Amino acid sequence: MGGPLGAIIGRYPSAAAGGDDELGGGGAPGAGIIRHNRRCRDIAFLVIFAAFWVAMIVNSSFGFNQGNPLRLTYELDYKGNICGDKHGDPNLHELDVRYWMNPNQVYQSGLKNSKVNLADAKAICLMECPNPAVDGLNFICDYPEGDIRLSVDDWINRDYDYFEFLTPDMRNSSLQLQGPCYPVIFPTVNVYWSCQFIARASNVSLKHWQQMGGVSIDENILIDKTVHKAIDSRSAVLKRYIADIGKSWPVFIVCGGILPVFLSVIWLFMIRYFVAAMTWITVVLFNALVISVTMFCYIKAGWIGNDPLTVVIGESDPYVHISGREISHLHTVTVFMTAVMIIAFLSSIAIVRRILIATPVLKVAAKVIGEVQALIVFPLVPFFILAIFYMFWFAATLHLFSSGQIVRNDCNIDCCSYDLKLGKVNCDNCCGYSIHYTPHISIAILFHLFGCYWATQFFLACSSTVIAGSVASYYWACGEISHDIPFLTVVSSLKRLMRYSLGSVALGSLVVSVVEWVRFILECLRRKLKFVGSARESCFGKAASSSSECCLGCIDWTLKSVNRNAYIMIAITGKGFHKASVLATGLIMKNILRIGKVNVIGDVILVLGKLCVSLFCALFAFLMLDTHKYKSAHNKISSPLIPVLVTWALGYVVAKLFFAVVEMSIDTIILSFCQDAEEHQGNAQYAPPLLMETLDEQSDLQRLTQGP
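First, a word on scope: everything that follows refers to the structure included in this document. (Residues numbered from 1 in each chain as written. Predicted model: local features only at pLDDT ≥ 70, side-chain atom pairs only at ≥ 80, totals over all residues. Heavy atoms only, no water.)

What to know about unusual backbone geometry
Thinking step 1. Although it is not a glycine, aspartate 42 adopts a positive phi angle of roughly 50°.
Thinking step 2. Structurally, the position occupied by aspartate 42 is in the loop between α1 (6-9) and α2 (43-66).
Thinking step 3. Take aspartate 42: its relative accessible area is 23%, and that puts it in the partly exposed class.
Thinking step 4. In this structure, tyrosine 192 takes a positive phi of about 50° despite not being glycine.
Thinking step 5. Relative to the helices and strands, tyrosine 192 resides in the loop between β5 (188-191) and β6 (194-197). (Helix = DSSP H or I, 4+ residues; strand = E, 2+ residues; numbered from the N terminus. Buried < 20%, exposed > 50% of the residue type's maximum accessible area, 1.4 Å probe, protein only.)

Following this line, the structure appears as structure tokens:
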């Protein structure tokens, strides 16, 4: 163990503290607590962490320079403009719906072995998806330019139809489906800002078209499936999910930021004053929230009620049913939440008899919070730091996912269309535009995601270390904390962290982040290999995949547990991460029977408390996203799934910041008590009287270990 900790961190006379102002002066009560010859530890990893921040800023700058979040929601027209972009040619500020003008091109792009790609079919941007006339024939004409002396506003006011102004040559090319005007034969509906064709041609419009001498138009259902396949592709769905994050920022602020802070503080105050009832309240509330969130999933999946998720933007024919991946994903999550609800209910019944064990454990934290009340307020500091970081990170995420270059496709097809600028039919410019993503963009996105996880773990670790240092100061001072300066121990612990231990915290958070990302990458590879080749995966391959995933999961859980205790020893001893981990692990192994059952049950209640806060946030996010604002017009989200999951994650992170007050108080007191007892032949010398009642080995701890 490297020598008794009491000799290092015990309470020294204040005179011995001369010249050191870490605790606000040698004359304050408790001066000289946790004081010895500290020095900076794990400097190399602090340098690595600083370099990581520089890389994050450079990486994000690339996204801000190259990205345009409009690309996540809207598509490109045949000129390479982003629909809805006021900087387009022409100005497309209110023209945000993509419409394919030539129905035959759409049909041909869906044929097998066809050289025509839907990305090369002629598409323009409109305000609304057009529909056939009831008693005639409507036309959709190209952007006005050249000999067509109309402004864009006049073109919009005429419902995009200037067929009557065409010259005989223009009319003849239009009847050959070469533009500049094209007939509206099929009804269309706005599906995520693209006009989905409904393969149900208007007989009236088709008859008028034939009477005018127009060429034959294919009426096959393939025209419907081709557009749906493009709108429902994996890449399109991913872009819409990322766009939902940008549209839901008010939900994140309210439900992922303000609400979890409010709920976490309430939970801490209730633990302080109603500790005996909080274990039962937490379990019951957790089950009620799981059921509520599951019911909301059922409603949006369309399995309960009449308010299912729809892919259509605006009003549509009730007889037109269009599904999508978003709805399928929501169905999957609904089934998953049903399983979680059943497991949660059965698990709650199973631990009812053991809940009483958690009550004395939580009393430990309640007593510490009562004495060091600044601990309740302190998590606001890392909360505001994380809030600023997340705002920057989410903005960079939108730009990174939308970065890329708009380039003309390299196609090899024969097509002709009327060029209004040239004043004739042009058969050269047949290729459309698409967004070209280079491999380094994928690497930049992966690094950005990893950076978020590492930064989050780092700030959580810093908060936990400060709390551990404050609680340890309280313990080793025999509970003599100055009430004249309520933030004394917290400020002192923060100063020690900033001065000596940031490198150790950076190392600990990096280790956990690397293991998590190895798991993530292996899982992605495993899923990708499922789609490679036609042969079934062998039993050996399945076993190897499952065992590796299980092993990494166990390693990750073990590392997180070791890290948490290592941060406590870092706060107490000032050792580096490696030595602190060894000290903490050795202390735990020597007292595993004493603290094992106590910690497990206490941790279960704390995890349920964090889940309660995050599920409350998810439920309120569902309610906010179910309002008219997010169901129509430009703020319509493709699915509440991703915003709710992000809100749940944010709520959990915030809850973890505040619940660390209780969690680290319990762990720090228990580790300190075990070390204190070990150094003094089983009789703890530094434990304050109000903690001795709960942690004395011969009384409460022995009773807790044996259980009811």
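Text resumes after the structure shown.
So, the layout of surface pockets
Thinking step 1. The computed volume of the second largest pocket comes to approximately 850 Å³.
Thinking step 2. Residue lining of the second largest pocket: 27 residues in total, with Phe336, Met337, Val340, Leu645 and Trp648 positioned closest to the centre.
Thinking step 3. Where the lining of the second largest pocket is concerned, the elements lending two or more residues are α11 (275-301), α12 (325-350), α20 (592-625) and α21 (641-679).
Thinking step 4. Residue contributions to the lining of the second largest pocket peak at 10 residues, all from α12.
Thinking step 5. Of the residues contributing to the lining of the second largest pocket, the split by class is 22 nonpolar, four polar and one charged. (1 Å grid on protein atoms, 1.4 Å probe; cavity = no way out; pocket = protein on both sides within 12 Å on 5 of 7 lines; lining within 4 Å. Points joined across faces, edges and corners; volume = space filled by probe spheres on them. Nonpolar A, V, L, I, M, F, W, Y, C, P; charged D, E, K, R; others polar.)

Things to note about the environment of proline 382
Thinking step 1. Mapped onto the secondary structure, proline 382 falls in helix α15 (residues 380-401).
Thinking step 2. Each C-alpha atom, one on proline 382 and one on phenylalanine 658, is 9.8 Å from the other, the two residues being 276 residues apart in sequence.
Thinking step 3. Filtering out sequence-adjacent residues up to four positions away, proline 382 remains in contact with Phe459, Ser463 and Leu657. (Contact = heavy atoms within 4.5 Å.)

Let's talk about the side chain of serine 173
Thinking step 1. Here serine 173 is to be found in helix α6 (residues 168-175).
Thinking step 2. Each residue touching serine 173, except ones within four places of it in the same chain, is listed here: Gln178, Gly179, Pro180, Tyr418 and Val425.

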